[in-house]
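Structural features, examined
Each chain, letter by letter, is given below.
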Amino acid sequence: MTLTLDTDIQYLKGVGQKRAALYRRLGVYRVGDLLRHLPRDYIDLSAPFEVAAAPLGERCAVRAKVLNKGSEARIRGGLSIWKVLVGDDTGVMNLSFFNTRYTVAGLKEGEEYLFYGRVDGTLLSKEIRSPMVFPKEEAVGLYPVYPLTAGLSGRMIAAHVRTALEALPQSLGDVLPEAVRRGHNLCDSLFAFRAIHFPHSVEEAAIARRRFIFEELLTLSLALLKLRRGGIERSAPALTPPDWTAFYQALPFSLTGAQQRAIADIAADMSQGRPMNRLIQGDVGSGKTVVAAAGILMACKGGFQAAMMAPTEILAAQHHRSLSPLCEGFGLRSALLTGSTPAAEKRRIKKALAAGEIDLIIGTHALLTADVDFHKLALVVTDEQHRFGVAQRAALSGKGQAVHTLVMSATPIPRTLSLIIYGDLDLSVIDELPAGRQPIETYLIDSDKRDRAFGYIKKHLDRGLQGYIICPLVEENPDLPGLIPATLYAEELAAGAFRDYRVGLLHGKLRPKEKAEVMARFYSGEVQLLVATTVVEVGVDVPNAVIMLIEGAERFGLGQLHQLRGRIGRGSARSTCILLSDSKSPEVRERLSILRRSQNGFEIAEADLRLRGPGDFFGQRQHGLPPLKIADLVDDMALLEAAQQTAQNMLDADPVLETPEHRALGRQVDALFDQIGAAPN
Ligand code: ADP
Ligand code: MG
């Protein structure tokens, strides 16, 4: 039987059933997976030291002859230690082996080996504890260090990889078509496998890495593009713009130039007969909702249905509250469908949707369930889209035969990530705030000044304005003793400092119905002060709320604080945000003071990125992307662009990747596609 990349790992010489089970823990099922189990580092064996020159305190390779194998000595706890004396013309050194009788047994006195490990002891009496041992002839270039699992040593994995590389036929195919490899100066796969596992030099490893990074990014790009294109070029309803004058007149304000431009972009897209794929990016409070409303009007006036999806029930309800009067003014019927819609009501709405008796449906993920059918869906709007996974968006788009897609986001993301997440989405930026907005004054205080801050908040409430107090916690957490949970805090405030005011409590553990009730009371002005956790972070819009106190501000990321602060400053009144933190750390104070200086979400995100590093700020998980094994979205920007371009050209020529030179890549894409489908939000 010839070995292929698809051969079950257990049939590889030296593996067998038991080790195959261990391999499965590493995600290795087939020979191809083993070859893609890439080293996380290398040990440099290319320039071993002589004993005298081996640097103390450093990990390095020493070439030496075994002089005396010594014998095993028992030490406490059933452990055994074996001291071996090695040396060369320049000196001798000791090696200690713990519980590794087999390694020592394999050593031959008089034979030369390479020993790798940290050199301890003194200049005159050097020692390496638990060294790795390499026969002289095996020790060329760099030796791979693998991610491990109990029961599989690095040596074993390296040996299995070597066996596989030797047994695979020279004519092993390549997932990357030759033209692509030539075009981007990439090595072929057999070379890449050899060079990434057993490189002769750092340069050779880099050449191999570059190829795998490209392959990974190309596979991801193809999967996302295919997802978006739905496998075939689709047509979508060519809509006629409605009477915009009537729309403008129905609004209580006049639109900013940026809003008008975004609406013009949308109108142009939706009249083309091809699906719109547009992202509206605008900072918090820039007025994205009304832009979406324009698109909705265009779709529904054209006799089609529109769906708007928000990440939380609160937000969905808010959109419904603000959009339904506008819709009614134009003779459109709208409904709200969320997880907490009563079952009978749900059934009624679903029936009406399928019959075309509802024009606009607003909701949460509930809109994604398989039994929601549309009569004639033409437009899907996704608000605060970064909260949804790629797959969720695609699922909703898949509901219509061919739909226009509009996504709205306040989250500034670096270009690398946006290329991946939005791919070929067109972009409209709302870079202008509505007229009359005043900058939000932002202060940083510690808890000594809490009472004064309360007094300041009360002054605002007395003038008929509203405010927020944000707490990081819902319930008491013994690990965070200094932090007051929102529930307790709200009680204390309602009975104490704010006993003459109407205080409401909002947090994520409330039932949806309770949340909706509190929010309704806050919208109506009945609740003057809302004590809340970060559930108000996205989208909540109560322009009469102009003051916010954020407790434990150091516990939030800057982007999150910017979003939270964006709940105020939404009208023409002056707004104030008070960040409360007792942290004495200069880094924390520096980070928080960025918010005092800037109101610009892009600037703030950039500063945050600089301070915290990209890893945790733009976590891929929140975007619903599968984890990347080797590529790095920040470092590999140039390759990502090349991969995106290649993916587009490839799919233009071969939309389902069925030609012989694309088939292998197509299978790889399908495998990833499954993974994206299973990826949680
Ligand atoms: P976001 O972009 O954060 O989603 P919203 O769409 O919620 O912002 O709008 C924020 C607030 O600004 C809302 O109260 C909205 O009615 C108001 N608004 C939107 N556009 C304008 C405008 N051109 N002039 C004045 N107020 C506006
Ligand atoms: Mg919004």
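On a predicted model such as this, the values are computed, not experimentally measured, just so you know. (Residues numbered from 1 in each chain as written. Chains lettered and ligands numbered in written order. Predicted model: local features only at pLDDT ≥ 70, side-chain atom pairs only at ≥ 80, totals over all residues. Heavy atoms only, no water.)

Right, let's talk about the overall build of the protein for a bit. Of the regular secondary structure elements, the protein holds 23 helices and 22 strands. Burial analysis of the protein (681 residues in total) assigns 52% to the buried set. Sequence separation of at least 24 residues holds for 72% of the intrachain contacts in the protein that already meet a minimum separation of 6. About 31300 Å² of surface is accessible on the protein, with carbon and sulfur atoms providing 51% of the total. (Helix = DSSP H or I, 4+ residues; strand = E, 2+ residues; numbered from the N terminus. Buried < 20%, exposed > 50% of the residue type's maximum accessible area, 1.4 Å probe, protein only. Contact = heavy atoms within 4.5 Å. Areas by Shrake-Rupley, 256 points an atom, 1.4 Å probe, with all protein chains shown as cover.)

Enumeration over the complete set of coordinates arrives at 9 aromatic pairs. On the basis of an interplanar angle of 50° and a centroid distance of 6.1 Å, the ring pair of Phe247 and Tyr248 is categorised as tilted. For Phe247, a relative accessible area of 1% translates into the label buried. Judged by its relative accessible area of 31%, Tyr248 is partly exposed. Here the aromatic cluster, defined as three or more aromatic residues joined through ring pairs, consists of Trp244, Phe247, Tyr248 and Phe330. Its guanidinium or amino end placed over the ring of Phe134, Arg155 lies 5.0 Å from that ring's centre, counting from NZ or CZ. Cation over ring: Arg211 sits above Phe212, and NZ or CZ is 5.9 Å from the ring centre. (Phe/Tyr/Trp six-rings, centres within 6.5 Å; stacked < 30°, edge-to-face > 60°. Lys NZ or Arg CZ within 6 Å of the ring centre and 35° of its normal.)

Through backbone hydrogen bonds, the strands of a sheet pair up, either in parallel or in antiparallel fashion. Strands sit in the order E12-E13-E11-E14-E15-E10-E16 across an open sheet of 7 strands; the sheet is parallel. Whereas interior strands pair on both sides, the edge strands pair on one side only; in this sheet they are strand E12 (334-337) and strand E16 (426-430). In this sheet, adjacent strand axes meet at a mean angle of 20° when their direction is disregarded. This element, helix H12 (residues 343-355), spans strand E11 (305-309), E12 and strand E13 (360-363) of the sheet and lies at about 135° to E12. (Pairing = 2+ DSSP bridges. Axes fitted to C-alpha atoms, helices over the stretch in contact; angles between N-to-C directions.)

Considering all chains together, one arrives at 25 salt bridges under this definition. The partner of Arg574 in a salt bridge is Glu441, and the shortest N-O contact between them spans 3.4 Å. Taken together, the positions of Arg574 in the loop between helix H18 (558-565) and strand E22 (576-580) and Glu441 in strand E17 (residues 441-445) put the pair 133 residues apart, joining distant regions of the chain. The partner of Arg597 in a salt bridge is Glu590, and the shortest N-O contact between them spans 3.8 Å. Relative accessible area serves as the criterion here: at 59%, Arg597 is assigned to the exposed category. Look at Glu590 and you get partly exposed, because its relative accessible area is 37%. Taken together, the shared-partner salt bridges in this structure form one network comprising Arg36, Asp174, Arg181, Arg211 and Glu215. (Salt bridge = Lys/Arg side-chain N within 4 Å of Asp/Glu carboxyl O.)

For the rest of this paragraph, the subject is the site of ligand 1. Near ligand 1, the surroundings consist of 17 residues, among which Gly285, Thr289, Arg437, Asp541 and Arg570 are the closest. Within the side chain of Asp541, an N or O atom sits 2.7 Å from an oxygen atom of ligand 1. The separation between an oxygen atom of ligand 1 and a polar side-chain atom of Arg570 is 2.7 Å. Its residues assigned to classes, the shell around ligand 1 shows 5 nonpolar, 7 polar and 5 charged. Taken domain by domain, the makeup of the shell around ligand 1 includes at least three residues from each of domain 2 (244-430) and domain 3 (440-598). (Near = heavy atom within 4 Å. Polar contact = N/O pair within 3.5 Å; in protein donor to acceptor, adjacent residues only side chain to side chain. Nonpolar A, V, L, I, M, F, W, Y, C, P; charged D, E, K, R; others polar. Domains from an automatic or database assignment.)

This brings us to the nonpolar core. Ranked by internal contacts, the top residues of the largest apolar core, which has 66 residues, are Leu45, Phe214, Leu218 and Leu222. Those elements giving two or more residues to this core turn out to be helix H1 (16-25), helix H2 (31-35), strand E6 (112-121), helix H4 (154-167), helix H6 (189-197), helix H7 (202-229), helix H22 (637-653) and helix H23 (660-678). Per-element accounting of this core gives the leading share, 12 residues, to H7. Excluding its chain neighbours within four sequence positions, the residues that come into contact with Leu218 are Leu176, Ala643, Thr646, Ala647, Met650 and Leu665. (Core = buried A, V, L, I, M, F, W, Y, C linked by side-chain atoms within 4.5 Å.)

On the surface, a nonpolar cluster with roughly 370 Å² of combined accessible area is contributed by Leu56, Leu123 and Leu124. Mapped onto the elements, Leu56 comes out in the loop between strand E1 (41-44) and strand E2 (59-68). (Patch = residues over 30% accessible without salt bridge, like charges linked within 9 Å, V, L, I, M, F, W, Y side chains within 5 Å.)

Attention shifts here to the packing of helix H11 (residues 313-329) against helix H17 (residues 512-523). At a minimum axis separation of 10 Å, H11 and H17 run at an interaxial angle of 45°. Taken together, H11 and H17 sit at an angle that is classed as oblique. The two elements H11 and H17 meet at a crossing, and its hand is right-handed. In contact with Glu313, Ile314, Gln318 and Arg321 of H11, H17 contributes Pro512, Lys515, Met519, Ala520 and Tyr523. (Parallel < 35°, antiparallel > 145°, perpendicular 65-115°, else oblique. Left-handed = near helix turned anticlockwise from the far one by under 90°.)

All right, on to the sheet that holds E22 then. With parallel pairing, 6 strands are arranged side by side in an open sheet as E17-E22-E21-E18-E20-E19. Edge positions in the sheet fall to E17 and strand E19 (503-506), since each of these pairs with one other strand and no more. Pairs of neighbouring strands in the sheet enclose a mean axial angle of 20°, with direction left out of account. Relative to strand E21 (residues 545-550), strand E18 (residues 466-470) runs parallel, the two sharing 5 bridges. Following the sheet pairing, Tyr468 is matched in E21 by Met548. Strands E17, E18, strand E20 (529-532), E21 and E22 of the sheet are contacted by helix H15 (residues 450-462), whose axis makes an angle of about 165° with E21.

In contact at an axis separation of 9 Å, helix H9 (residues 257-270) and helix H10 (residues 288-301) are set at 30° when each is read in the N-to-C sense. Judged by the angle between their axes, H9 and H10 are roughly parallel. Between H9 and H10 lies a crossing of right-handed hand. The segment H9 lies against H10, with Gln259, Ala262, Ile263, Ile266, Ala267 and Met270 engaging Val290, Val291, Ala294, Gly295, Met298 and Ala299. A class-by-class count of the residues in the contact of H9 with H10 yields 10 nonpolar, 2 polar and no charged.

For the rest of this paragraph, the subject is the side chain of Asp654. Here Asp654 shows up in the loop between H22 and H23. Although buried, Asp654 forms no salt bridge, and the nearest oppositely charged side chain, Arg663, lies 7.9 Å from it. In this structure the side chain of Asp654 is engaged in a polar contact, spanning 3.0 Å, whose partner is the backbone nitrogen of Glu658. Residue contacts for Asp654: discarding those within four places in its chain leaves Thr659 and His662. (Lys, Arg positive; Asp, Glu negative; His and termini not counted.)

Turning next to the confidence of the model for the protein. Detailed conclusions should not be drawn from predicted coordinates in areas where pLDDT is low. In this model, the protein carries a mean pLDDT of 85, and residues with pLDDT of at least 70 account for 88%. With pLDDT under 50 throughout, residues 614-622 is counted as low confidence; its partners more than four residues away or in other chains account for 21 contacts. (pLDDT = per-residue confidence, 0-100.)

The subject of this paragraph is the environment of Val474. Mapped onto the fold, Val474 is located in the loop between E18 and helix H16 (486-495). Among the residues examined, Val474 registers a relative accessible area of 17% and is labelled buried. Not counting chain neighbours up to four residues away, the residues in contact with Val474 comprise Pro485, Ala486, Thr487, His507, Lys509 and Thr533.

Within E22, 5 of the 5 residues are buried, which leaves it mostly tucked inside the rest of the structure. Residues Thr576, Ile578 and Leu580 line one face of E22 and the alternating positions Cys577 and Leu579 line the opposite face, and both faces are buried. Note: E17 against E22, 5 bridges, orientation parallel. Among the inter-strand pairings, Ile445 is bridged to a residue of E22, identified as Leu580. The sheet contact formed by E21 and E22 spans 4 bridges and is parallel. For Ile547, the partnering residue across the bridge sits in E22 and is Thr576. Regarding the hand of the β-α-β motif, the stretch spanning E21, H18 and E22 is right-handed. (Right-handed = clockwise from strand over helix to strand, strands pointing away.)

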